[in-house]
Amino acid sequence: MSPTFVKVCGLRSPEDAEKLEGLDVTAAGLIFVPGRHRQVTPEEGAAIAAHLPRGVLKAGVFINPTQKELLSVLDQVPLDLIQLHGEESPQFCEWLKEQGQVHVVKVFHMGESLPVSWEEYAPYIDAVLLDSSTGQKRGGTGKSFPWQWIPNEKKRWRRWELPVWVAGGLSPDNVERLLQEYAPDGVDVSGGVEMKGGKDRNKISQFVERVRQYDRQNH
């Protein structure tokens, strides 16, 4: 089994990027969604990306971007992953996949329905992220969805051998239980590793260590 994919999302400064130094983090997330309090501009994103430790993947978070908006960010920030949180269509994911330079992660908000069958996305994405939503707010809610839904989702996407990651309300205090009980392929944390609105190295370190401890015991 592969080690658990660990993403720390919502970095807002080069200092946040430097806090990941020496920690076994797989990816760091930059939010390019207007109006979000962790939003960064492409210029800020490029500066943060430049300060990330070598080997940490750079993920860009978007909600219903236009092709032009996405290409404009990709021109300025060397992203490895694009995480789509909106109602982007399978055709949009196909277009993005054909750009060839990024992995496509589609976010599915638990408890919401989509206008198309979820499986229509499968050929055009590289990973699935299960997240919570509260009303109109997509992601970044600080709340968990019912984790007992995870086994069905894993089964659904296994047919295409797509990894299933989990976000929503994760922290050093609950990530071990999530892994022990439901064993997702990846975890995505943001607010759960912050203090006073900024990323906290100790909390990130605790979060990562609990994930890697689980990996050592189970992989």
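In every chain, residue numbers begin from 1 and rise along the written sequence. Given that this is a predicted model, residues contribute local features only at a pLDDT of at least 70 and side-chain atom pairs are listed and counted only at 80 or more, while totals for whole chains, interfaces and linings are drawn from all residues. The side-chain quantities take in all heavy atoms of the structure and omit both hydrogens and water.

Trainee: I keep staring at the packing of helix 6 (residues 175–182) against helix 7 (residues 201–218) and nothing clicks. Help me out?
Mentor: To describe two helices that pack against each other, one gives the angle between their axes and the distance between the axes. Note on definitions: angles span 0 to 180 degrees between N-to-C directions of axes, and those axes are lines fitted to C-alpha atoms, for helices only across the stretch in contact. Secondary structure elements are taken from DSSP: a helix is a run of H or I of four residues or more, a strand is a run of E of two residues or more, and numbering for both begins at the N terminus. Following both chains from N to C, one finds helix 6 and helix 7 inclined at 25°, their axes separated by 9 Å at the closest point. Relative to helix 7, helix 6 is oriented roughly parallel. The handedness of the crossing between helix 6 and helix 7 is right-handed. Together, Val175, Glu176, Leu179 and Gln180 of helix 6 and Phe207, Arg210, Val211, Gln213, Tyr214, Gln217 and Asn218 of helix 7 make up the contact between the two elements. Three categories are distinguished: nonpolar for Ala, Val, Leu, Ile, Met, Phe, Trp, Tyr, Cys and Pro, charged for Asp, Glu, Lys and Arg, and polar for the others, with Gly belonging to the last. Among the residues making up the contact of helix 6 with helix 7, the classes are represented as five nonpolar, four polar and two charged. When an angle is under 35 degrees it counts as roughly parallel; over 145 it counts as roughly antiparallel; between 65 and 115 it counts as roughly perpendicular; any other value is oblique. The handedness criterion is simple: a crossing whose near helix is rotated anticlockwise from the far helix by less than a right angle is left-handed, and one whose near helix is rotated clockwise is right-handed. Between two residues, a contact is recorded if the distance between any of their heavy atoms is within 4.5 Å.

Trainee: Help me out: how do you make sense of the packing of aromatic side chains in this one?
Mentor: Where two aromatic rings form a pair, the distance of their centres and the angle of their planes describe that pair. The rule is short: rings of Phe, Tyr and Trp, with Trp giving its six-membered ring, pair when the centres are within 6.5 Å, and they are stacked under 30 degrees, edge-to-face over 60, tilted in between. The tally for this structure, following the rule as stated, stands at seven aromatic pairs. Relative to Trp118, the ring of Phe108 has its centre 4.5 Å away and its plane inclined at 20°; by these criteria the two rings are stacked. On the criterion of sequence distance, the pair formed by Phe108 in strand 5 (residues 103–109) and Trp118 in the loop between strand 5 and strand 6 (127–131) is long-range, its members being ten residues apart. Side by side, Phe108 and Trp118 carry an identical accessibility label, which is buried. For the pair Phe108 and Tyr121, a centre-to-centre distance of 5.5 Å together with 80° between the ring planes defines the contact as edge-to-face. Highlighted residues: Phe108 in strand 5 and Tyr121 in the loop between strand 5 and strand 6, separated in sequence by 13 residues. Put simply, the rings of Phe108, Trp118, Tyr121, Trp157 and Trp160 pair up and form one aromatic cluster. Residue placement shows Lys106 over the ring face of Phe108; its charged tip is 5.4 Å from the ring centre. One residue, Lys106, lies across the ring of Tyr121, its end atom 5.7 Å from the ring centre. Each residue is assigned to one of three classes by its accessible area relative to the maximum for its type, calculated with a 1.4 Å probe on protein chains only: buried under 20%, partly exposed between the two thresholds, exposed over 50%. In this analysis the charged atom, NZ for Lys or CZ for Arg, is taken to sit over a ring once it is within 6 Å of the ring centre and within 35 degrees of the ring normal.

Trainee: Just checking my understanding: could you explain helix 2 (residues 42–51) for this structure?
Mentor: Turning to helix 2, its buried residues are Pro42, Gly45, Ile48 and Ala49. Down the axis, helix 2 shows its buried residues gathered within 120° of arc, on one side only. Exposed residues on helix 2 whose side chains face more than 90 degrees from its buried face are Glu43 and Ala50. Note: the arc covers the axis-to-C-beta directions of the helix.

Trainee: Would you explain the environment of Leu52 in this entry?
Mentor: Tracing the backbone through its elements, the reader meets Leu52 in the loop between helix 2 and strand 3 (57–62). Sequence spacing of Leu52 and Ser132 is 80 residues, and the spatial spacing of their C-alpha atoms is 27 Å.

Trainee: Sorry, what's going on with the pattern of salt bridges here?
Mentor: Opposite charge on two side chains makes pairing possible when the charged atoms of those side chains draw close. Only one rule defines a salt bridge in this text: a Lys or Arg side-chain nitrogen within 4 Å of an Asp or Glu carboxyl oxygen. Evaluated as defined, the whole model comprises 15 salt bridges. Asp185 is paired through a salt bridge with Arg158; the nearest N and O atoms lie 3.3 Å apart. Of this pair, Asp185 sits in the loop between helix 6 and strand 10 (186–189) while Arg158 sits in helix 5 (residues 150–158), and the two are 27 residues apart along the sequence. Its relative accessible area of 25% is what places Asp185 among the partly exposed residues. Between Arg210 and Asp173 there is a salt bridge whose closest N-O contact spans 4.0 Å. On the criterion of sequence distance, the pair formed by Arg210 in helix 7 and Asp173 in the loop between strand 9 (164–167) and helix 6 is long-range, its members being 37 residues apart. The partly exposed category is assigned to Arg210, whose relative accessible area is 25%. Several salt bridges converge on common partners, so that one network encompasses Glu119, Glu153, Arg156 and Arg159.

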